[in-house]
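Single-letter residue listing:
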Amino acid sequence: MKAKPELGVAVLEHVAEAGTLGLTYVKGLDVDDKLANPFSAQRDGLEVVSLRGQGNAGVKDLFLSGEYARQDKKLGDESAWYLEGGWTFSDVAWQPRVGYRYTRYSEGYDPLFSGFSRGYGTWFQGEVAGNYAGPFQRNAGIHMLSLGLTPRPDVAMGLLYFDFDTLDRSQGDLRGKELDLYLDWTVGHFTISPLVGLYQPEKSDAEGGSQQGSDDLNLYSQLVVSFGF
């Protein structure tokens with residue numbers, strides 16, 4: 001439950017051609033006690049400090065990104081961080097982009113709200129896992145491998161692989177793997193985005209996982225149509 005938190009936020013950024021460095025401070029001011037559970041009640045008085053950076057360090061085809069966040073909560077401090085690197089082969093047909101990211105959320109980390117999306121795998125990590133099999137924004141270590149292609153200026157496609165690990169399995173064992181194939185086709189102000197995902201949990205609900213009935217492979221498909229203005 002979100003518990004209708006009230007937050008105060010301050011942001012300081014330094015923007016340069018080689019990249020952006022940012023510092024964010026979040027202070028929890030209040031929650032709705034009628035909606036709060038013991039976890040979300042800690043958002044009243046919560047303090048979060050995060051340091052982040054993103055850019056190419058002056059190298060045209062390089063992509064670097066990372067962030068570290070520290071939370072001061074009533075039941076103890078928590079943290080989360082990620083590091084990501086990628087390379088675009090800009091002189092090759094379809095401009096292939098390859099990347100790797102590792103993300104770690106401590107056992108009691110509070111994700112609050114999902115942040116700004118750079119595309120698939122950056123808002124929800126895994127379309128199946130992030131939307132249906134989680135939570136994967138706490139008590140998790142996540143490896144991601146990505147491959148992106150741009151066949152035409154109006155078409156982008158890619159492949160994403162995720163390996164999810166549970167840090168404290170006494171809270172449930174949500175280990176699993178996911179493979180997503182997606183396409184983004186821009187038509188005027190519209191973007192048409194079909195996706196197919198394969199998700200394989202390590203455990204069923206009877207074994208401590210979240211998938212009811214079995215740990216069989218899942219086939220998932222979606223079609224998203226968005227309008228930009």
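Each residue is numbered by its place in its chain's sequence as written, counting from 1. Restriction of local features to residues with pLDDT of at least 70 applies here, the model being predicted, together with a cutoff of 80 or more for giving and counting side-chain atom pairs; totals for whole chains, interfaces and linings are based on all residues. Each side-chain value is worked out from all heavy atoms of the structure, with water and hydrogens disregarded.

Student: What is the right way to look at the overall build of the protein in this model?
Tutor: A tally of regular secondary structure across the protein gives one helix and eleven strands. Order of helices (α) and strands (β) in the protein, N terminus to C terminus: β-β-β-β-β-β-α-β-β-β-β-β. Computation of the radius of gyration draws on C-alpha atoms alone. For the globule rule, the value is 2.2 Å times the number of residues to the power 0.38. For 229 residues, the compact-globule formula gives about 17 Å, and the C-alpha radius of gyration of the protein, at 19 Å, lands near that figure. Its C-alpha atoms give the protein principal-axis dimensions of roughly 55 × 50 × 30 Å. Of all intrachain contacts in the protein linking residues separated by at least 6 positions in sequence, the fraction that spans at least 24 positions is 49%. Segments assigned H or I by DSSP are reported as helices when at least four residues long, segments assigned E as strands when at least two residues long, and all are numbered from the N terminus. Contacts were defined at the residue level, with two residues in contact if any of their heavy atoms lie within 4.5 Å.

Student: Would you take a moment to explain the side chain of S50 for this structure?
Tutor: In this structure, S50 sits in strand β3 (residues 47-55). Each residue's exposure class comes from its accessible area (1.4 Å probe, protein chains only) as a fraction of the maximum for that residue type: buried when under 20%, exposed when over 50%, partly exposed otherwise. On the basis of relative accessible area, S50 is assigned to the buried category, the value being 6%. In the analysis that follows, any N or O atom pair within 3.5 Å is treated as a polar contact, provided that within protein one partner can donate a hydrogen and the other can accept it, and provided that, for residues neighboring in sequence, both atoms belong to side chains. Polar contacts involving the side chain of S50 include one to the side chain of E67, which spans 3.1 Å. If we skip the residues at most four places from it in the chain, S50 touches G22, L23, T24, E67, Y68 and A69.

Student: How should the pairing of strand β8 (residues 155-166) be read in this particular structure?
Tutor: Two faces make up the sheet, and in a regular strand the side chains alternate between them. The pairing criterion for strands is at least two bridges between them, as found by DSSP. Bridge count between strand β7 (residues 140-152) and β8: eleven bridges; the pairing is antiparallel. Each bridged residue has a counterpart across the sheet, and for I142 the counterpart in β8 is F164. Remark: two residues form the turn of the hairpin made by β7 and β8, two consecutive strands paired antiparallel. Summarising the sheet, β8 and strand β9 (residues 176-187) pair through ten bridges and their orientation is antiparallel. Each residue of the ladder has a partner; that of G158, found in β9, is Y182.

Student: Can you walk me through the packing of aromatic side chains in this structure?
Tutor: Each pair of aromatic rings is reported with the distance of its centres and the angle of its planes. Two aromatic rings from Phe, Tyr or Trp, using only the six-membered ring of Trp, form a pair when their centres are within 6.5 Å; if the ring planes differ by under 30 degrees the pair is stacked, by over 60 it is edge-to-face, and anything between is tilted. Scanning the entire structure with this criterion turns up eight aromatic pairs. Relative to Y109, the ring of Y105 lies with its centre 5.8 Å away and its plane at 45°, an arrangement referred to as tilted. Note on Y105: relative accessible area 12%, which makes it buried. When the ring of Y132 is compared with that of Y220, the centres are 5.6 Å apart and the planes differ by 55°; the resulting orientation is tilted. One end of the pair, Y132, is in helix α1 (residues 127-133); the other, Y220, is in strand β11 (residues 218-227), and 88 residues separate them in sequence. Y220 gets classed as buried once you look at its relative accessible area, which sits at 17%. Members of the aromatic cluster, connected to one another through ring pairs, are F136, F162 and F164. We call a charge positioned above a ring when the Lys NZ or Arg CZ atom is no farther than 6 Å from the ring centre and deviates by at most 35 degrees from the ring normal. In this structure, R138 is placed above the aromatic ring of F39, and the distance from its NZ or CZ to the ring centre is 4.6 Å.

Student: I'm lost on the sheet that holds strand β2 (residues 19-30) in this one. Help?
Tutor: Strand-to-strand pairing in sheets goes through backbone hydrogen bonds, with the strands running parallel or antiparallel. On the basis of which strands lie adjacent, the open sheet formed by eleven strands has the order β1-β2-β3-β4-β5-β6-β7-β8-β9-β10-β11 and antiparallel pairing. Taken across any chain shown, the strands that pair with only one partner, and hence form the sheet edges, are β1 (6-16) and β11. Recorded for the sheet is a direction-independent mean angle of 10° between the axes of neighbouring strands. Across eleven bridges, β1 lies against β2 in antiparallel orientation. Paired with H14 across the bridge in β2 is L21. Geometry is summarised by axes, namely lines fitted to C-alpha atoms with helices restricted to the contacting stretch, and by angles between N-to-C directions that run from 0 to 180 degrees.

Student: Help me understand the pattern of salt bridges in this model?
Tutor: Should their charged atoms come close, side chains of opposite charge can pair. We count a salt bridge whenever a side-chain nitrogen from Lys or Arg sits within 4 Å of a carboxyl oxygen from Asp or Glu. One pass over the full model with this rule turns up nine salt bridges. With a closest N to O distance of 2.5 Å, E13 and R52 form a salt bridge. With E13 in strand β1 and R52 in strand β3, this residue pair connects regions lying 39 residues apart in the sequence. Between K177 and D163 there is a salt bridge; the shortest N-O distance is 4.0 Å. Of the two residues, K177 sits in strand β9 while D163 sits in strand β8, which places them 14 residues apart along the sequence. A relative accessible area of 38% places K177 in the partly exposed class. Looking at D163, the relative accessible area reads 23%, which means it is partly exposed. Salt bridges here are not isolated pairs; linked through shared partners, they connect E84, R101 and R118.

Spatial relationships are all this shows, so hold off on functional conclusions.
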